Amino acid sequence: MSGFPSLRCFLPRCTIGLCFLAYPLLAQEPLLENEQQTQAQSFAQCVVGLQQKALSAGISTNTVETILGQARYLAKILEYDRNQPEFVQTFPGYFSARVNDWRITKGREMLAKHKDFLAKLTQEYGVPGHYLVAFWGLETNFGNYIGKMPIIDSLTTLACDERRSKFFSAELMQALRLLERENLAVSDMVGSWAGAMGHAQFMPTAYLTYARDGDGDGKMDLWNSELDALASAANFLKALGWQAGFRWGREVLIPNNFDYQLAGKSNVQALSFWREKGITEVGNIALNNSDLPAALVVPAGHTGPAFLIYHNFEVILRWNNSEYYGIAVGQLADQIAGRGPLSKPLPDLPQYTLLEMQEFQQKLNDLGFDVGKPDGILGPATRQGVRAFQASKRLIADGYPSKETVESVMSETSTDTAL
Ligand code: CA
């Protein structure tokens, strides 16, 4: 399981559209002439090393010389890689930008357009068509935005950069194998700046391993064939562990005085446990009294929507490791299939800068509530630390840094620890 996430998207919440639209370029100091020379030399040296690696990995001499040998250093790829968003993304902001009327309407059109083919895929791979369409819509707006970066140049640049050299070197080798196997023109091999390709944004390893020829023309073309892309997504999800016949999760209602310390992805309990705690389906319908494993997540805190998540939610996170993404896929799929929107409006939450979030995290660490490295990301570790702090102050322990919680944390003195 742990080997899967890196096959596709190595940056949480970093689908192609998001990377380009939400990460404005930072101005970079132009390099001096001698710095440029040094950089060119070190890139050329790195390419020679990669060529040797490719030869020993069984890539043909012709590909190694004519394709890898011609790879260009693209400074802008590293600019994309270094960019940080200024603000911490909130669930309402993330969700409303993605699960929108346009995507739902277009998704329903695509579901109807490919109805028979999707039914065949569901039979073969166990993944219902509305999920496949939802992934497609979130990744590339149904193929409207598949990226134009030259993949070999991008991957070579990233492989020659120290930050994630090992991962990108391996993906570069796979991209070269893919070029050879599919007999692709290097100019046709385009995608996101980080190497994800086609309608469903597969990294080279995922493409090589999981792509399928959906339309039966003898090629696996994830750029130009919608059927190939849908079949490949179904095959990938099955390989990631999709459980046929089960949903991703569902929105639920939480009773008053609920103990929010029970929330969080890691507290997996039987559905009957949540039923006993008074949680119901939307519309106050009782949950099944079953032993189905489920966890509760409240991504916008107790004033926002709550979700019970099942095994297939974890499978979605193996595609892209972000809870927000998982909920967006699930909700978009549900609404494409004809279900209604969220039961209540999304709350208006405070907007924190990355720096503010890092200071908040550092302060929690100083106070003895371990949230891991202060990275500005509101992930499971931060939520766990926030929950523990809230519980110690008898605040509602929903793990969300509300204004009240942040003020309470920041007004503590570090010597006044809870330990
Ligand atoms: Ca094909």
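Residues numbered from 1 in each chain as written. Predicted model: local features only at pLDDT ≥ 70, side-chain atom pairs only at ≥ 80, totals over all residues. Heavy atoms only, no water.

Novice: Would you mind showing me how to read the domain arrangement of the protein chain here?
Specialist: It is common to report an interface's size as the accessible area lost on association of the parts. Split by domain assignment, the protein chain resolves into domain 1 (1–14 + 89–147 + 242–348), domain 2 (25–85 + 148–186) and domain 3 (354–413). Put simply, the middle of domain 1 and the middle of domain 3, counted by C-alpha atoms, are 26 Å apart. Counting residues at the interface gives 13 residues for domain 1, matched by 10 residues for domain 3. Interface area, domain 1 with domain 3, both sides summed: about 940 Å², of which 53% is carbon and sulfur. (Domains from an automatic or database assignment. Contact = heavy atoms within 4.5 Å. Buried area = accessible area lost by both parts, 1.4 Å probe.)

Novice: Mind showing me how you'd approach the state of the cysteines here?
Specialist: Working definition of a disulfide: a covalent bond connecting the sulfur atoms of two cysteines. Counted by the stated rule, this structure contains one disulfide. A sulfur-sulfur distance of 1.9 Å marks the disulfide that ties Cys 46 to Cys 160. Here the disulfide of Cys 46 and Cys 160 is left-handed, its torsion about the S-S bond being about -90°. Highlighted residues: Cys 46 in helix H2 (residues 33–56) and Cys 160 in the loop between helix H9 (151–159) and helix H10 (165–182), separated in sequence by 114 residues. (Disulfide = S-S within 2.5 Å. Helix = DSSP H or I, 4+ residues; strand = E, 2+ residues; numbered from the N terminus.)

Novice: Before we go on, may I ask you to explain the coordination of the calcium ion in this structure?
Specialist: Tetrahedral coordination by four donors places them ideally at 109.5 degrees to one another around the metal; octahedral coordination by six donors ideally gives 90 or 180 degrees. Distances from the calcium ion to its protein donors, Asp 213 (OD), Asp 215 (OD), Asp 217 (OD), Lys 219 (O), Asp 228 (OD) and Asp 228 (OD), fall at 2.3 to 2.7 Å. For the calcium ion, the six donor atoms in the first shell make angles of 52 to 159° at the metal, a pattern classed as irregular. Along the chain, the residues donating to the calcium ion are arranged with the sequence spacing D-x1-D-x1-D-x1-K-x8-D. Taken together, the residues span a long stretch of sequence, with Asp 217 in the loop between helix H11 (204–210) and helix H12 (226–239) and Asp 228 in helix H12 at a distance of 11 residues. With a relative accessible area of 0%, Asp 228 lands in the buried category. (Donors = N, O, S within 2.8 Å, 3.2 Å for Na, K, Ca; no water. Tetrahedral: all angles 85-135°; square planar, octahedral: opposite > 155°, others 65-115°. Buried < 20%, exposed > 50% of the residue type's maximum accessible area, 1.4 Å probe, protein only.)

Novice: Just to check I follow, could you spell out H12 for this structure?
Specialist: Note on helix geometry: an α-helix contains 3.6 residues per turn, so any two residues three or four positions apart are oriented the same way. The terminal C-alpha atoms of H12 lie 20 Å apart, and with 14 residues this matches the ideal 20 Å at 1.5 Å per residue to within 8%. With 10 of its 14 residues buried, H12 lies for the most part within the structure. Listed as buried for H12 are Asp 228, Ala 229, Leu 230, Ala 231, Ser 232, Ala 233, Ala 234, Asn 235, Phe 236 and Leu 237. Turning to H12, the residues buried within the fold contact helix H7 (115–125), helix H8 (129–140), H11 and helix H14 (311–319). Of the residues one or two after H12, Gly 241 is the one with positive phi, at around 110°. (Expected span 1.5 Å × (residues − 1).)

Novice: Teacher, can you tell me more about the sheet that holds strand S6 (residues 285–286) here?
Specialist: Pairing between sheet strands relies on hydrogen bonds along the backbone, with the strands arranged either parallel or antiparallel. Spatially, S4-S7-S8-S3-S5-S6 is the arrangement adopted by the six strands of the open sheet, whose pairing is antiparallel. Only two strands of the sheet have a single neighbouring strand rather than two, namely strand S4 (264–270) and S6. By the bridge criterion, two bridges tie strand S5 (residues 280–281) to S6 in an arrangement that is antiparallel. Residue pairing across strands places Glu 281 opposite Ile 285, the latter belonging to S6. (Pairing = 2+ DSSP bridges.)

Novice: Whenever I open this one, the pattern of salt bridges confuses me. Can you help?
Specialist: For side chains of opposite charge, pairing can occur when their charged atoms come near one another. All chains considered together, the criterion is met by 13 salt bridges. We note a salt bridge from Glu 314 to Lys 265, for which the minimum N-O separation is 3.3 Å. Of the two residues, Glu 314 sits in helix H14 while Lys 265 sits in strand S4, which places them 49 residues apart along the sequence. Using a relative accessible area of 27% as the deciding quantity, one classes Glu 314 as partly exposed. Accessibility expressed as a relative area gives 24% for Lys 265, which makes it partly exposed. Among the salt bridges present, the one from Glu 412 reaches Lys 393, with a minimum N-O distance of 2.9 Å. (Salt bridge = Lys/Arg side-chain N within 4 Å of Asp/Glu carboxyl O.)

Novice: Got a minute to help me understand H9 in this structure?
Specialist: Within H9, nine of the nine residues are buried, which leaves the element mostly enclosed by the surrounding structure. The set of residues buried in H9 consists of Ile 151, Ile 152, Asp 153, Ser 154, Leu 155, Thr 156, Thr 157, Leu 158 and Ala 159. Against the buried residues of H9 lie H2, helix H4 (75–82), strand S1 (149–150), H10, strand S2 (190–191) and H11.

Novice: Sorry if this is basic, but what is going on with empty space enclosed by the protein here?
Specialist: The gaps of empty space that remain are located by a probe, the size of a water molecule, rolled over the atoms. Taken as a whole, this structure holds two cavities of 30 Å³ or more when the rule is applied. By volume, the second largest cavity is sized at about 50 Å³. Contributing elements (two or more residues each) for the lining of the second largest cavity: H8 and H12. A per-class count over the lining of the second largest cavity returns eight nonpolar, one polar and two charged. (1 Å grid on protein atoms, 1.4 Å probe; cavity = no way out; pocket = protein on both sides within 12 Å on 5 of 7 lines; lining within 4 Å. Points joined across faces, edges and corners; volume = space filled by probe spheres on them. Nonpolar A, V, L, I, M, F, W, Y, C, P; charged D, E, K, R; others polar.)

Novice: Explain unusual backbone geometry to me, please; I cannot follow it from the model alone.
Specialist: Note on backbone geometry: most residues besides glycine have negative phi, and most peptide bonds are trans. Phi angles above zero are rare outside glycine, and Phe 142 is one such case at about 60°. In this fold, Phe 142 is placed in the loop between H8 and S1. Since its relative accessible area comes to 5%, Phe 142 is described here as buried. Its identity as a non-glycine residue notwithstanding, Arg 394 has a phi of 60°, on the positive side. Assignment of secondary structure puts Arg 394 in the loop between helix H17 (380–392) and helix H18 (403–410).

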